[in-house]
Amino acid sequence: MNAIASTGAEQAQQQIAEEFAFFGDWTERYQYLIDLGKQLPDFPEAHKNDVYRVHGCQSMVWLVPSGDALNMHFEAFSDSAIVSGLLALLLRVYSDRPAAEILATEPTFIGTIGLAKHLSPTRSNGLAATLMKLKEYAKVMASQE
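Residues numbered from 1 in each chain as written. Predicted model: local features only at pLDDT ≥ 70, side-chain atom pairs only at ≥ 80, totals over all residues. Heavy atoms only, no water.

Caption draft 1: Spatial organisation of the overall build of the protein. Looking only at helices and strands, one finds eight helices and two strands in the protein. N-terminal to C-terminal, the α/β element order of the protein is α-α-α-β-β-α-α-α-α-α. Taken over the C-alpha trace, the protein has a radius of gyration of 14 Å; the compact-globule value for 145 residues is 15 Å, and the two agree within 12%. Burial statistics for the protein: of 145 residues in total, 45% are counted as buried. Considering only residue pairs separated by 6 or more positions, the protein has 65% of its internal contacts joining residues 24 or more positions apart. When the accessible area of the protein is evaluated, it comes to approximately 7500 Å², of which 56% is carbon and sulfur surface. For the protein, the separation between the mean place of its 11 positive charges and that of its 17 negative charges on side chains is 6 Å. (Helix = DSSP H or I, 4+ residues; strand = E, 2+ residues; numbered from the N terminus. Rg over C-alpha atoms; globule rule 2.2 N^0.38 Å. Buried < 20%, exposed > 50% of the residue type's maximum accessible area, 1.4 Å probe, protein only. Contact = heavy atoms within 4.5 Å. Areas by Shrake-Rupley, 256 points an atom, 1.4 Å probe, with all protein chains shown as cover. Lys, Arg positive; Asp, Glu negative; His and termini not counted. Charge placed at Lys NZ, Arg CZ, Asp CG, Glu CD.)

Okay, structure coming up:
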């Protein structure tokens with residue numbers, strides 16, 4: 001992920017769109033999401049608490065911020081394989097970026113790769129809740145700058 005972190009959020013979204021363009025159907029894309037989720041770093045058990053829990057998701061999701069306004073880092077975990085893949089995509093776009101860039105970046109990759117049409121309503125709500133929580137953390141960090 002370090003190579004991706006050195007690119008901007010918009011470039012990361014473009015790379016995601018290019019990767020998903022390789023797959024012919026949504027069965028392959030879901031499998032790719034599951035594979036991405038398996039690549040998330042180990043998540044400390046101590047972080048699986050209500051402070052970091054993202055509410056609004058059907059599955060269990062935790063999002064942990066660290067860093068400062070110039071470089072925010074996020075760790076995330078879900079008990080769902082597909083949601084873990086979605087988290088991996090969000091981290092590629094938003095982690096290791098300045099708070100201002102996080103706040104200014106809309107998740108265009110969701111529409112570009114067709115996720116909006118192919119996620120269940122509960123997964124879409126969970127993705128939106130996670131994105132909102134991520135941006136809330138960035139807003140707090142940016143205000144402390």
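Caption draft 2: Seen up close, the nonpolar core. Ranked by size, the top nonpolar core spans 42 residues in total, and within it Met72, Phe74, Leu89, Phe109, Ile113 and Leu115 carry the most contacts. Mapped by element, the contributors of at least two residues to this core are helix 2 (9-21), helix 3 (26-38), strand 1 (61-68), strand 2 (71-78), helix 4 (81-94), helix 5 (99-104), helix 6 (108-112) and helix 8 (121-143). Among the elements that line this core, the one with the most residues is helix 4, at 10 residues. Residues within four places of Leu89 in sequence aside, it is in contact with Ile16, Phe20, Leu33, Leu36, Phe109, Ile113 and Leu115. (Core = buried A, V, L, I, M, F, W, Y, C linked by side-chain atoms within 4.5 Å.)

Caption draft 3: How the structure looks around the environment of Val51. Structurally, Val51 can be placed in the loop between helix 3 and strand 1. Sequence separation between Val51 and Ala129 is 78 residues; the distance between their C-alpha atoms is 15 Å.

Caption draft 4: View of the packing of aromatic side chains. Per the counting criterion, the structure on display carries seven aromatic pairs. Look at Phe20 and Tyr32: their rings are 5.3 Å apart centre to centre, the planes differ by 75 degrees, and that puts the pair in the edge-to-face class. Taken as a pair, Phe20 in helix 2 and Tyr32 in helix 3 lie far apart in primary sequence, 12 residues in all. Tyr32 shares its class with Phe20; the two are buried. With a centroid separation of 6.5 Å and 40 degrees between ring planes, the pair formed by Phe74 and Tyr137 is classed as tilted. Of this pair, Phe74 sits in strand 2 while Tyr137 sits in helix 8, and the two are 63 residues apart along the sequence. For Tyr137, a relative accessible area of 17% puts it in the buried group. Stacked on the ring of Phe77, the Lys or Arg Lys48 has its end atom at 4.0 Å from the ring centre. (Phe/Tyr/Trp six-rings, centres within 6.5 Å; stacked < 30°, edge-to-face > 60°. Lys NZ or Arg CZ within 6 Å of the ring centre and 35° of its normal.)

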